[in-house]
Each structure stands twice: as C-alpha cells, then as structure tokens.
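Residue-level structural notes
Chain by chain, the residues run as shown.
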Amino acid sequence: MYKQVETFHRKSKYLNNYNKFWVLQNSNPIIHSLNTINKKKNAKSISTFDFSTLYTKLPHDKLVKELSEVIDFVYNAGNCQHIVISKYGKAYWATKKPKTSVSFSRHSLKSAVKHLVQNCYFTVGNVVMRQAIGIPMGIDPAPFWANLFLYQYEQRYMTQLIISDKVKARHFHSTKRFIDDLCAINDGQLFGEIYQDIYPTELELKLEHSGSHASFLNLDITIIEDRFVYKLFDKRDDFPFAIVRMPHIDSNIPESIFYSALVGEFLRIARSTLLLDDFKSKAKELCQRMHKQGAHTHATKRHLLKIISYHPEDFNRFQILPEALVQELL
C-alpha cells in the first residue's frame with residue numbers, strides 16, 4: 001500500500017509540480033533536491049523538525065480511521081480487489097480471491113489493521129497490559145503506519161492549500177520527512193509558522209535547526225555562496241570513546257564480504273558528499289580504519305577502482321581521475 005501511494009504521488013507531482021507526498025525511505029530524494037537547487041544557485045534556507053511524541057501519543061481511533069482511508073484510496077485505484085500474499089512473502093494485486101494463497105479484501109485488511117492496533121499486549125513482571133494509546137512499537141508495520149498516518153494530514157493540507165493559494169503551496173516543493181524527522185528546504189521559514197494547522201493536536205513538533213545549517217538523516221548541510229554544501233554526517237564521530245566499525249579481515253567471514261563492506265561505505269560517502277575535500281577526508285578515515293583491520297593495499301585499490309567504474313555518476317562531480325583519487329586516499 002505504501003509503495004502504491006508513493007508511486008501515485010511521484011507521477012502526480014511530475015504532472016502538477018506540487019509536493020503532496022513528503023515521505024522518505026532514505027536520503028536520496030533530499031540529495032536530489034539539493035543538487036537541483038544548487039544548479040540555480042538558489043539555496044536560501046533549511047530547517048529541521050522532530051516529532052517528540054509520535055509513537056507514544058497517537059489515539060487509536062484516529063490511527064485506525066486514517067489508515068482505513070488509505071486502504072480505501074488504494075483499493076479504489078484499480079479493478080483488483082484482493083491483495084494476495086504468495087508463499088514466498090511477496091504481495092501482489094488480483095481480481096479474484098485465490099483458493100490456496102492468503103489474501104486480503106478491503107474489509108478484511110481494515111479488520112486486520114484495527115485488530116493489530118488495538119490488541120497489542122506486553123508484560124511487566126506478572127502484570128499483562130494492553131496498549132491503549134500510541135503505535136505499538138517493534139512490530140513490522142509500525143513505521144509504515146506512522147508514515148501513512150502523517151501523510152494523510154500532509155496531503156489533506158496540501159490539497160486544500162493548492163486550491164486556496166497556489167503560490168504558498170509551491171513553498172513546500174522540497175519538504176521531506178523520514179518518519180518523525182522533517183526537513184523544510186527553501187520554504188521561506190513557512191513550515192515553522194503553519195505546522196500546527198497540519199497535524200493533530202496530540203503531536204508535539206520541535207524545531208531542531210533553522211537558518212543556514214542543519215543536519216538531517218546522514219547529511220550535514222550548510223549554505224555557502226547560495227549553494228547547499230552537504231557531506232556525510234555520523235554522530236558516532238563525536239562520541240568520546242572508540243567504536244568498532246566495519247568487519248575485521250580475520251573475522252569468521254569470507255574475505256569478499258570484508259571488501260564489499262569497504263566499497264559499500266566508500267560509495268555511501270561519495271553519494272552523501274558534494275565537495276572533493278570533504279569526500280577525501282571521510283574516505284581517508286575509512287581506508288585507514290580498514291587498513292588497521294586487515295585490508296591489503298593492493299586489494300583495496302583494486303576494489304575501489306572497480307566500484308568507481310561501476311558507479312561513475314557518483315564520482316564525476318569530484319572532477320578527478322579515479323587512479324589519482326585512489327592513490328591520494330591510500
């Protein structure tokens with residue numbers, strides 16, 4: 001259901017140039033928005049917010065109501081009236097109810113969601129209690145429930161705003177949210193003024209950063225000369241103690257997995273960094289850490305050059321030859 005809602009709004013935004021779906025699964029859409037704005041050198045402001053009471057304060061009646069509306073929206077989108085779960089755990093649409101596989105009709109899915117929301121039990125000592133408020137934590141659909149619940153209020157507000165004030169609605173073109181963390185880019189500080197008109201009163205939203213600098217997900221973002229300069233942010237770097245990161249080559253794993261972890265992190269740093277100097281700083285730290293944990297220089301060089309050749313689009317902006325880059329890092 002989440003994927004279908006996301007696909008609908010991705011196509012809708014392309015046609016209408018309005019952003020009614022703010023939900024993220026990773027930082028890639030944020031990076032895409034920052035790069036798009038940077039091409040015009042039009043970076044103006046960035047603000048981040050945090051829902052401090054999202055999982056703990058949602059009334060069950062509101063949660064069930066909003067999720068039921070999402071279910072209706074999804075089922076009304078086509079002629080298929082059954083979601084079938086294959087024996088391999090894959091979900092797909094079907095026009096008829098299958099005889100052997102598990103399936104959900106609109107009604108049975110609403111009943112299943114309502115039951116799961118309202119019948120979550122836990123124990124403290126010898127006491128058994130039922131959770132009467134908030135999203136049950138630790139179950140698989142919890143993040144999707146939180147996202148879709150907030151999405152309902154966001155798209156409802158945007159739909160009304162597009163009708164009443166199209167210029168104001170365009171201010172939220174680059175607003176993004178990852179579950180309970182929200183980032184407003186180039187909105188003229190508008191979101192901080194109107195968020196209370198969007199979300200239910202039970203939710204408490206706190207401003208974390210505002211102005212020319214913010215950290216969001218795995219990104220540290222600063223406005224410099226009308227551009228959003230972003231680089232990888234890892235809060236573990238500020239811990240006052242050493243942390244074991246990445247595997248050791250003498251661990252009980254194949255050597256190929258060790259080097260796969262190295263190049264995976266190397267690629268993540270490249271995708272999350274705009275400037276060459278920032279990239280080299282983080283990438284050097286990675287190479288030094290992996291060298292101490294058993295990486296061989298020749299093998300490291302070979303794997304890094306291979307990943308650059310596989311993903312040239314993530315390294316082209318650094319404007320340096322792969323061989324020269326790897327040589328500097330090692």
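Everything discussed here concerns the structure shown above.
The notes below deal with the structure included here. Since the model is a prediction, treat every value here as computed from it, not as a measurement.

1. Observations regarding the sheet that holds strand E4 (residues 102–104)
Where strands meet in a sheet, backbone hydrogen bonds hold them as pairs that are either parallel or antiparallel. Read across the sheet, three strands follow the order E3-E2-E4 without closing on themselves; strand pairing throughout is antiparallel. Because the sheet does not close on itself, it has two edges, and the strands there are strand E3 (91–94) and E4. Taking each pair of neighbouring strands and ignoring which way they run, the sheet shows an average axis angle of 35 degrees. Where strand E2 (residues 82–85) and E4 come together, three bridges link them in antiparallel fashion. Each bridged residue has a counterpart across the sheet, and for isoleucine 85 the counterpart in E4 is valine 102.

2. Comments concerning the environment of arginine 106
Turning to its location among the elements, arginine 106 is positioned in helix H5 (residues 106–118). Here arginine 106 is in contact with Ile71, Asp72, Tyr75, Asn76 and Gln81, once residues within four sequence places are set aside. A distance of 3.0 Å separates polar atoms of two side chains, one belonging to arginine 106 and the other to aspartate 72.

3. So, the packing of aromatic side chains
Aromatic ring pairs: the centre-centre distance and the angle between the two ring planes describe each pair. Per the stated rule, a full pass over the model turns up 20 aromatic pairs. Taken together, a centroid distance of 6.1 Å and an interplanar angle of 80 degrees make the contact between phenylalanine 279 and phenylalanine 315 edge-to-face. In this pair, phenylalanine 279 sits in helix H10 (residues 276–292) while phenylalanine 315 sits in the loop between helix H11 (297–310) and helix H12 (322–329), placing the two residues 36 residues apart along the sequence. Comparing phenylalanine 279 with phenylalanine 315 shows no difference in burial state: the two are buried. The ring of tyrosine 153 has arginine 156 lying over it, and the distance from NZ or CZ to the ring centre is 5.4 Å.

4. Examining helix H1 (residues 2–16)
The terminal C-alpha atoms of H1 lie 21 Å apart, and with 15 residues this matches the ideal 21 Å at 1.5 Å per residue to within 8%. Where H1 is buried, its residues touch helix H4 (60–75) and helix H6 (142–164). Immediately downstream of H1, the backbone of asparagine 17 shows phi near 65 degrees, a positive value.

5. Overview of the nonpolar core
For soluble globular proteins, nonpolar side chains are generally found buried alongside one another. Ranked by internal contacts, the top residues of the largest apolar core, which has 48 residues, are Leu54, Phe172, Phe191 and Tyr199. Elements with a minimum of two residues in this core: H1, strand E1 (46–51), helix H3 (54–57), H4, H5, H6, strand E8 (181–185) and helix H8 (191–194). Among the elements that take part in this core, H6 stands out by supplying 12 residues, more than any other. With residues near it in sequence (within four places) discarded, phenylalanine 191 still touches Trp22, Phe49, Phe172, Leu182, Ala184, Ile198, Tyr199 and Leu205.

6. Concerning the packing of H4 against H5
Here H4 crosses H5 at 155 degrees, and the two axes come no closer than 10 Å. In terms of axis orientation, H4 runs roughly antiparallel to H5. For the crossing formed where H4 meets H5, the hand is right-handed. Contacts from His60, Leu63, Val64, Leu67, Ser68, Ile71, Asp72 and Tyr75 in H4 reach Arg106, Leu109, Lys110, Val113, Lys114, Val117 and Gln118 in H5. Tallied by class, the residues present in the contact of H4 with H5 amount to eight nonpolar, three polar and four charged.

7. Some details on the sheet that holds strand E11 (residues 219–224)
Pairing in this open sheet of three strands is antiparallel, and the strands run E10-E11-E12 from one edge to the other. One side of each edge strand has no neighbouring strand; the edge strands of this open sheet are strand E10 (213–216) and strand E12 (227–232). Between one strand axis and the next, the sheet turns through 25 degrees on average, direction left out of account. Of the pairings in the sheet, the one linking E10 to E11 comprises four bridges and is antiparallel in character. Pairing of alanine 214 across the sheet is with isoleucine 221, part of E11. In the packing of helix H2 (residues 28–39) onto the sheet, contacts are made with E10, E11 and E12, and the angle to E12 comes to roughly 145 degrees.

About the criteria used
Residues numbered from 1 in each chain as written. Predicted model: local features only at pLDDT ≥ 70, side-chain atom pairs only at ≥ 80, totals over all residues. Heavy atoms only, no water. Pairing = 2+ DSSP bridges. Helix = DSSP H or I, 4+ residues; strand = E, 2+ residues; numbered from the N terminus. Axes fitted to C-alpha atoms, helices over the stretch in contact; angles between N-to-C directions. Contact = heavy atoms within 4.5 Å. Polar contact = N/O pair within 3.5 Å; in protein donor to acceptor, adjacent residues only side chain to side chain. Phe/Tyr/Trp six-rings, centres within 6.5 Å; stacked < 30°, edge-to-face > 60°. Buried < 20%, exposed > 50% of the residue type's maximum accessible area, 1.4 Å probe, protein only. Lys NZ or Arg CZ within 6 Å of the ring centre and 35° of its normal. Expected span 1.5 Å × (residues − 1). Core = buried A, V, L, I, M, F, W, Y, C linked by side-chain atoms within 4.5 Å. Parallel < 35°, antiparallel > 145°, perpendicular 65-115°, else oblique. Left-handed = near helix turned anticlockwise from the far one by under 90°. Nonpolar A, V, L, I, M, F, W, Y, C, P; charged D, E, K, R; others polar.

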